[in-house]
Amino acid sequence: MIEVRGLSYRYPGGERALEGVSFAVRKGEAFAVVGPNGSGKTTLLLSLMGLLKFRGEIRIFGHQLNGKGLRELRRSIGFVFQDPDTQLFMPTVGEDVAFGPQQFGYSGDEAKRMVKEALRAVRMEGYEGRFTHRLSYGEKKKIALATALVLSPEILIFDEPTSNLDPASRREFLDLIGGLNCTRIFATHDMDMVRRIADRVLVLFEGRKAAECDVESLFKSPENLRKWRLA
Ligand SMILES: Nc1ncnc2c1ncn2[C@@H]1O[C@H](COP(=O)(O)OP(=O)(O)O)[C@@H](O)[C@H]1O
Ligand SMILES: [Mg+2]
């Protein structure tokens, strides 16, 4: 579903964030991108979103990213930012979740139905009229997920989905992500999350690929985990 070859990126300031990273993501899998702080996880996700001028090649559904059809691809890929306050910008929950459908030309009633469906999917039915800024952090994360789910994307990308969540919200959010059928890619250093819901893992270390493997093999090597500064 996604094929990445020789992905490299250097920030304008001169920081080299990614160097020659190659991997592939299969349809329907939960694919974890793990690595310590500064290893390039977020940069990799932003590249997948087509938000950075990277070197190398990214193919999604066989289409070259950067090429034509990016707008079409956009609709099939949802992104859940690390901080929900980056994602949510409308006064109310309903307006925020309806924003995507409206951008793609859905009418009032159809958009409303999509919003209702997305809120049900994240177990936040009836929150349409609530003020976003008054929600708890955990609730905001779920609404952010709803804004990404509302257009029924084939691929969902999450950056540090469990960071800053209290234990109960974290469990709830993991259950939501684990229960989805679409292809999911998430960056995290929450190894318990990886153990619970990931199928395969890409390990980044200092901007390079250290490993790409299934979850079981990752946990079989404690010395590697230590070397890569993972729990
Ligand atoms: N906007 C930026 N400008 C310059 N350097 C950056 C920027 N964002 C990230 N970096 C650098 O790129 C590297 C990778 O960062 P990042 O992708 O955010 O890592 P991670 O998400 O794994 O913590 C780090 O060295 C970081 O300092
Ligand atoms: Mg990051």
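Residues numbered from 1 in each chain as written. Chains lettered and ligands numbered in written order. Predicted model: local features only at pLDDT ≥ 70, side-chain atom pairs only at ≥ 80, totals over all residues. Heavy atoms only, no water.

(A) Quick peek at empty space enclosed by the protein. Going through the model one piece at a time under the given rule, you end up with one cavity of 30 Å³ or more. There is about 50 Å³ of room inside the largest cavity. If you go around the largest cavity, the residues you meet are Leu-48, Met-49, Leu-65, Leu-70, Leu-73, Arg-74 and Ile-77. Sort the elements by how many residues they give to the lining of the largest cavity and helix α2 (residues 70-76) lands first, with three residues. (1 Å grid on protein atoms, 1.4 Å probe; cavity = no way out; pocket = protein on both sides within 12 Å on 5 of 7 lines; lining within 4 Å. Points joined across faces, edges and corners; volume = space filled by probe spheres on them. Helix = DSSP H or I, 4+ residues; strand = E, 2+ residues; numbered from the N terminus.)

(B) Fine view of the pairing of strand β1 (residues 2-10). Pairing of β1 with strand β2 (residues 16-25), which is carried by six bridges, proceeds in the antiparallel orientation. In the sheet register, Ile-2 faces β2, and the bridge partner there is Val-25. Counted between consecutive antiparallel strands, the loop separating β1 from β2 contains five residues, among which Gly-14 sits at a positive phi close to 110°. (Pairing = 2+ DSSP bridges.)

(C) Looking closely at the sheet that holds strand β8 (residues 183-188). Taken in spatial order, the six strands make up an open sheet running β6-β7-β8-β3-β9-β10, and their pairing is mixed. Among the strands making up the open sheet, the edge pair consists of β6 (77-80) and β10 (208-214). Shown here is a sheet whose adjacent strand axes are inclined to one another by a mean of 15°, direction ignored. Relative to strand β9 (residues 200-205), strand β3 (residues 30-34) is paired through four bridges, and the arrangement is parallel. Following the sheet pairing, Val-33 is matched in β9 by Leu-202. Across the sheet, helix α6 (residues 137-149) lies against β6 and β7 (155-159), angled at about 165° from β6, the strand it touches most. (Axes fitted to C-alpha atoms, helices over the stretch in contact; angles between N-to-C directions. Contact = heavy atoms within 4.5 Å.)

(D) Highlighting helix α7 (residues 167-179). For α7, with 13 residues, the first-to-last C-alpha span of 18 Å sits near the 18 Å given by 1.5 Å per residue. Residues of α7 that are buried include every one of Ser-169, Arg-170, Phe-173, Leu-174, Leu-176 and Ile-177, and no others. For α7, the angular spread of the buried residues around the axis is 160°, confining them to a single face. Residues of α7 that are exposed and point over 90 degrees away from its buried face: Pro-167, Asp-175 and Gly-179. Where the residues of α7 are buried, they touch α5 (108-121), α6, β7, β8 and α8 (191-197). (Expected span 1.5 Å × (residues − 1). Buried < 20%, exposed > 50% of the residue type's maximum accessible area, 1.4 Å probe, protein only. Arc of directions from axis to C-beta.)

(E) The pattern of salt bridges, seen in detail. By the definition in use, this model includes 16 salt bridges. In this structure, the salt-bridge partner of Glu-57 is Arg-5, at a minimum N-O distance of 3.5 Å. Placement of the pair is Glu-57 in strand β4 (residues 55-60) and Arg-5 in strand β1, with a sequence separation of 52 residues. Across the pair Lys-140 and Asp-85 runs a salt bridge whose closest N-O atoms are separated by 3.0 Å. Taken together, the residues Lys-140 in helix α6 and Asp-85 in helix α3 (residues 84-87) connect sequence positions 55 residues apart. The exposure class of Asp-85 is partly exposed, given its relative accessible area of 47%. One salt-bridge network, held together by shared partners, links Arg-170, Asp-190, Asp-192, Arg-195 and Arg-196. (Salt bridge = Lys/Arg side-chain N within 4 Å of Asp/Glu carboxyl O.)

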